[in-house]
Amino acid sequence: MTASKKSPPNGHPGEPRIGVRGRRRYSEPVDTGFRVKPGMTKGANDDVIRPIKLDQFAGRRPDSRLRGKDTVGEGCCGNHCGPDDSPPLLRNAITDGGESQHRFTVAPEDAGLRLDLFLTAREIGLSRTQVGRAVDEGQVLVNGRPGRAGRKLKPGDVVEIVIPAAAPSGVIAEAIPLIILYEDESLLVVDKPAGMVVHPAAGHSTGTLVNALLHHCRDLSGIGGVLRPGIVHRLDKETSGLMVVAKSDHAHRGLAGQFKRHEVAKTYQALVYGDPKEDGGRIDSAVGRHPTDRKRMSTQSRRGRSAVTVWRVRERYTVAALLEVNIETGRTHQIRVHLTELGHPVVGDRVYGGAGRIRTVGDPAARARMKAQGRQALHAWRLAFAHPVTGEAMRFASPLPEDMAGLCEFLRDRADGRR
């Protein structure tokens, strides 16, 4: 990786940056000493995090190392407005049939926006894809006439949209045990195990988190989407850790808005191959669909979207290292793609470099133990957000699962020469 003497644009003081400028990569190491945030406890894994009050953050932007989100494209409402800052000219109504009607008057500052982007930015609980579908089905009117997704709006235009009542999901409720860290009438926080798919898809119609949630929360059906009720973000099948789930439409809109505005703090732990030269860094490379392999993501995509990952080393094991990773954006497979670009793919990741990298591990015992990992060693460790109804600061932490913790202990002992 080629070092650059100049700081990349839009850098954050005190953080190294690793990214791509044109076709050249740049890297700048700096001091990344960990600082315990207000309300947190100290410890090897900081497994307990005490709640903190929102007024501690008044007038301050969220710390970039604690901001982040997972992929929000599936199940995201696409809001830019928070629960309390809806446009003043919004008119809402819920009909007896369960459908909702929304009416907006375009403000001068929104002039020139496409119709689909304008509606995606409203607090109505729809993603851009869902808005586009509503436009195609004639459920969106501009000044009383059917609109087009690409229509450029003018000040004073009246936009109306009708959202039909949610249809039955057809997903079967299953009595699958869940690890629930917190629950109230608006949301719940679960610790998803590795191997569990989040929502039903081709080849995974049962045994998913949604199947389990529908059994646990009898009134969850339809919230946030027919096949993804309550799901605001997701984790890959083989990634373990924390997820927040909405139990009401209001909570879903509020949480999805926080994810959209990058106000949710998500921190991961990742066990990677090799021994990073630096103690931490910032990766700023757009991520999109791979140019030739449609099942993979890549930083070489022709239509990549901005993606930022901040990492630091927690422990070094010579042949591997345990990283603490924060994401400021939430692109699909972002952490796995960025760490592979860094030259340190996630242990056990057969899609992004891990399958070939295992052969470079010189210690036979360590190589055999890492090969037996069986899944990508990536864990959603911390989760912090504002309660969408009460505004209370919510913070949670999940200790490393048994398989990752056991592998780290084995590698630690090998590095220390005790085994």
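Scroll up to find the structure.
Just so it is clear, the model here is predicted, and its values are computed rather than measured.

How each quantity is defined
Numbers given for residues are sequential positions, taken from 1 along each chain in its written order. Totals for whole chains, interfaces and linings use all residues, but because this is a predicted model, local features are given only for residues with pLDDT of at least 70 and pairs of side-chain atoms are given and counted only at 80 or more. By convention in this description, side-chain values take in all heavy atoms of the structure and omit both hydrogens and water. Only runs of H or I of at least four residues qualify as helices and only runs of E of at least two qualify as strands under DSSP, and these elements are numbered from the N terminus. When accessible area is computed with a 1.4 Å probe and restricted to protein chains, residues below 20% of their type maximum are described as buried, those above 50% as exposed, and intermediate ones as partly exposed. Pairs of residues are marked as contacts when any of their non-hydrogen atoms sit within 4.5 Å. In these tables, accessible area is a Shrake-Rupley quantity obtained with a 1.4 Å probe, and a residue counts as shielded only by the protein chains included in the view. Interaxial angle, 0 to 180 degrees, is taken between N-to-C directions of lines fitted to C-alpha atoms, where a helix line uses only the stretch in contact. Angles are sorted into four bins: roughly parallel if under 35 degrees, roughly antiparallel if over 145, roughly perpendicular if 65 to 115, and oblique for all others. Note on residue classes: Ala, Val, Leu, Ile, Met, Phe, Trp, Tyr, Cys and Pro are nonpolar, Asp, Glu, Lys and Arg are charged, and everything else, Gly too, is polar. Two strands are counted as paired when DSSP detects at least two bridges linking them. Only Phe, Tyr and Trp rings are paired, with Trp represented by its six-membered ring, and only when their centres lie within 6.5 Å; those with planes under 30 degrees apart are stacked, over 60 edge-to-face, the remainder tilted. Here the term patch refers to residues with relative accessible area over 30% and no salt bridge, with like charges joined within 9 Å and nonpolar side chains (Val, Leu, Ile, Met, Phe, Trp, Tyr) within 5 Å. A carboxyl oxygen of Asp or Glu within 4 Å of a side-chain nitrogen of Lys or Arg is what we treat as a salt bridge. In this tally, Asp and Glu contribute negative charge and Lys and Arg positive charge; neither His nor the terminal groups of the chain are included. To locate a charge, take atom NZ for lysine, CZ for arginine, CG for aspartate or CD for glutamate. Polar contacts here mean pairs of N or O atoms no more than 3.5 Å apart (in protein, one a potential hydrogen donor and the other a potential acceptor; neighbouring residues in sequence count only if both atoms are side-chain atoms). In this text, buried Ala, Val, Leu, Ile, Met, Phe, Trp, Tyr and Cys residues form a nonpolar core when linked through side-chain atoms within 4.5 Å.

A. Representation of the overall build of the protein chain within the structure. Within the protein chain, the regular secondary structure consists of eight helices and 18 strands. The proportion of buried residues among the 419 residues of the protein chain is 51%. Relative to all contacts within the protein chain whose residues are 6 or more apart in sequence, the contacts with residues 24 or more apart total 68%. Summed over all atoms, the accessible surface of the protein chain reaches about 19800 Å², with 49% contributed by carbon and sulfur.

B. How the structure looks around the packing of helix α7 (residues 364-371) against helix α8 (residues 402-416). With their axes 11 Å apart at the nearest point, α7 and α8 run at an angle of 175 degrees to one another. Accordingly, the angle class assigned to the pair α7 and α8 is roughly antiparallel. Note on element contacts: α8 touches α7 through Gly406, Leu407, Phe410, Leu411 and Arg414, opposite Ala365, Ala366, Arg369 and Met370. For the contact of α7 with α8, the per-class residue count stands at six nonpolar, one polar and two charged.

C. Highlighting the environment of Met297. For Met297, the location among the structural elements is in strand β14 (residues 297-298). Overall, Met297 belongs to the buried group, its relative accessible area being 8%. Sequence separation between Met297 and Thr332 is 35 residues, and the spatial gap between their C-alpha atoms is 7.2 Å. Filtering out sequence-adjacent residues up to four positions away, Met297 remains in contact with Val287, Gly288, Arg289, His290, Thr332, His333, Val337 and Tyr352.

D. A look at the pairing of strand β12 (residues 280-284). When you tally the buried positions in β12, you get four out of five residues, the bulk of the element. The pairing of β12 with strand β15 (residues 308-316) spans five bridges and is antiparallel. Following the sheet pairing, Gly281 is matched in β15 by Trp311.

E. Spotlight on the packing of aromatic side chains. Under the counting rule described, the total for this entry stands at three aromatic pairs. When the centroid spacing of 5.8 Å and the interplanar angle of 50 degrees are considered together, the rings of Tyr182 and Phe396 count as tilted. Remark: Phe396 occurs in strand β18 (residues 393-397) and Tyr182 occurs in strand β8 (residues 180-183); sequence separation between them is 214 residues. In this structure Phe396 comes out as buried when scored by relative accessible area, which is 12%.

F. View of the pairing of β15. Of all nine residues in β15, seven are buried; the element is thus mostly enclosed. Note that β15 and strand β16 (residues 320-327) share seven bridges and pair antiparallel. Paired with Val310 across the strands is Asn326, a residue of β16. Hairpin connection of β15 to β16: three residues between the antiparallel strands, including Thr318 at a positive phi of 70 degrees.

G. Here's a closer look at a positive patch on the surface. On the surface, a cluster of positive charge is contributed by Arg289, Arg294, Arg302 and Arg303. You can see Arg303 is positioned in the loop between β14 and β15. Relative accessible area serves as the criterion here: at 77%, Arg303 is assigned to the exposed category.

H. Inspection of the side chain of Asp349 at higher detail. When you line up the elements, Asp349 lands in the loop between α5 (334-342) and α6 (354-357). Overall, Asp349 belongs to the buried group, its relative accessible area being 1%. One polar contact links Asp349 to Arg336, side chain to side chain, over a distance of 2.8 Å. There is a polar contact of 3.2 Å between the side chain of Asp349 and the backbone nitrogen of Tyr352.

I. Examining the nonpolar core more closely. Ranked by internal contacts, the top residues of the largest apolar core, which has 49 residues, are Leu209, Tyr268, Leu271, Leu323, Leu339, Met370 and Leu411. Looking at this core, the element that brings in the most residues is β16, giving six residues.

J. Examining the pattern of salt bridges more closely. If you walk through the whole model with that rule in mind, you get 13 salt bridges. In this structure, Asp279 engages Arg316 in a salt bridge whose closest nitrogen and oxygen atoms are separated by 2.8 Å. Note that Asp279 is positioned in the loop between β11 (265-273) and β12 and Arg316 in strand β15, a separation of 37 residues in sequence. Owing to a relative accessible area of 32%, Arg316 belongs among the partly exposed residues under this scheme. The partner of Arg414 in a salt bridge is Asp363, with the nearest N and O atoms 2.9 Å apart. Placement of Arg414 in helix α8 and of Asp363 in the loop between α6 and α7 is noted, with a sequence separation of 51 residues between them. Classification of Arg414 by relative accessible area gives partly exposed; the value is 28%.

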